Amino acid sequence: MAKYTVETYYTCTFKVKHYLDDISNNQLDQLEKRDDGDYEILDVKFDKRNTKNNEKNTDKVEVKINDSHDNVSNKNQTTVNKNIVLNNAFKEKITKRFSMPDRRKGYIQKATIGDHKVYLHTGEYEDGKIGEIFIDTSKEGELVKALMNNFAIAVSLGLQYGVPLDEFVNAFIGTKFEPSGKVQGNDRILSASSILDYIFRELAISYLSREDLAHTPSIAQKESAEPNDPNNDEQNQFIKLVKDITSKGFVRNNYREKLVDLSDIKLNLKGKKK
């Protein structure tokens, strides 16, 4: 047996349509007894709600709700409108393609897997996020080259439609097919089980900082900046400038390490301050 009983009271206004061939007082008096009319609900008002505990030694509790049907309808309509807006925004986000800028940053990585040369080209958005890749191979037939080129286009479209790079990395890391074996020309990857394994291992290291996929440790210097160091603001400002003009994948997120190579630029920038 249920523990509670809920009684809800409504006031309903409705309209009934009857279609008559003739109008007379007798027919009008009989309209209320007929059940062949067309009913149309005009308004429903929510009056009150009573809740009752079915257990013994309990009193009946009356809960009055003052919201009229109009207020309830307005609230429901507002909720529906919000859901529609959110659904449309969600669909637009999924189906919208974020095209690459006409002039973009990126890098080219050459490596050799076995006796096969592989060139990986990347393109980045202004914030350094990867948005496209191109794959060139040597000693491969036209069929393999066409497949690799179209595979790169498919991955690029996925990235531009919002597919996280993590998804591609998890899908293709560890794939096995020839060519495979020792990798030359890449300072972080020493071997690969396939071209795809190499490519997405390289992308994960360069753009996702996945050091667990690298075979050699990073040579970046771990700097622990002091919070009260007066040079922190100046150095952070300069690092921001380096990020704006440098490929994120090329430096592999090691901007502070690259500051050594750009020390002359830093001195010139400091000299121009007034």
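In case you missed it, the structure is sitting above this.
Residues numbered from 1 in each chain as written. Predicted model: local features only at pLDDT ≥ 70, side-chain atom pairs only at ≥ 80, totals over all residues. Heavy atoms only, no water.

Draft legend 1. Region of interest: the overall build of the protein. Counting secondary structure elements, the protein contains nine helices and eight strands. In the protein, which comprises 274 residues, the share counted as buried stands at 28%. For the protein, the share of sequence-separated contacts (at least 6 apart) that also reach a separation of at least 24 residues comes to 56%. Carbon and sulfur atoms make up 51% of the accessible area of the protein, which amounts to about 19300 Å² in all. (Helix = DSSP H or I, 4+ residues; strand = E, 2+ residues; numbered from the N terminus. Buried < 20%, exposed > 50% of the residue type's maximum accessible area, 1.4 Å probe, protein only. Contact = heavy atoms within 4.5 Å. Areas by Shrake-Rupley, 256 points an atom, 1.4 Å probe, with all protein chains shown as cover.)

Draft legend 2. Expanded view of a nonpolar patch on the surface. Together, F14, V16, Y39 and I41 give the surface a local cluster of nonpolar side chains, amounting to about 420 Å² of exposed area. By secondary structure assignment, the location of V16 is in strand β1 (residues 4-17). (Patch = residues over 30% accessible without salt bridge, like charges linked within 9 Å, V, L, I, M, F, W, Y side chains within 5 Å. Salt bridge = Lys/Arg side-chain N within 4 Å of Asp/Glu carboxyl O.)

Draft legend 3. Representation of the nonpolar core in the model. Grouped together as the largest cluster of nonpolar side chains are 31 residues, with contacts concentrated most on I133, I135, Y198, I199, F200 and L203. Broken down by secondary-structure element, the contributors of at least two residues to this core are β4 (108-113), β5 (116-124), β6 (130-137), α3 (142-160), α4 (165-172) and α5 (195-208). Dropping the residues within four chain positions of it, I133 is found in contact with L120, H121, T122, A152, V155, S156 and L203. (Core = buried A, V, L, I, M, F, W, Y, C linked by side-chain atoms within 4.5 Å.)

Draft legend 4. Local environment of the environment of Q184. Relative to the helices and strands, Q184 resides in strand β7 (residues 181-184). With relative accessibility at 45%, the residue Q184 sits in the partly exposed group. For the pair Q184 and K117, spaced 67 residues apart in the sequence, the C-alpha separation amounts to 9.3 Å. The contacts of Q184, once residues within four sequence positions are left out, are A111 and T112.

Draft legend 5. Representation of the environment of D47 in the model. Among the structural elements, D47 can be located in strand β2 (residues 38-53). In the structure, D47 is positioned 39 residues away from T8 in sequence and 7.8 Å away in space, judged by C-alpha atoms.

Draft legend 6. Focus on the pattern of salt bridges. Per the stated rule, a full pass over the model turns up four salt bridges. With a shortest N-O distance of 2.5 Å, R188 and E211 are connected by a salt bridge. With a gap of 23 residues between them, R188 in the loop between β7 and β8 (191-192) and E211 in the loop between α5 and α6 (232-245) connect regions that are remote in the sequence. With a shortest N-O distance of 3.1 Å, D197 and R201 are connected by a salt bridge. Residue D197 and its partner R201 are both found in helix α5; the two are separated by four residues, about one turn of the helix. Residue D197 is classed as buried on the basis of its relative accessible area, which comes to 1%.

Draft legend 7. Region of interest: the packing of α3 against α4. As a packed pair, α3 and α4 sit with axes 9 Å apart at the nearest point and diverge in direction by 140 degrees. With respect to α4, the axis of α3 lies oblique. Contacts from F151, V155, G158 and L159 of α3 reach α4 at L165, F168 and F172. A per-class count over the contact of α3 with α4 returns six nonpolar, one polar and no charged. (Axes fitted to C-alpha atoms, helices over the stretch in contact; angles between N-to-C directions. Parallel < 35°, antiparallel > 145°, perpendicular 65-115°, else oblique. Nonpolar A, V, L, I, M, F, W, Y, C, P; charged D, E, K, R; others polar.)

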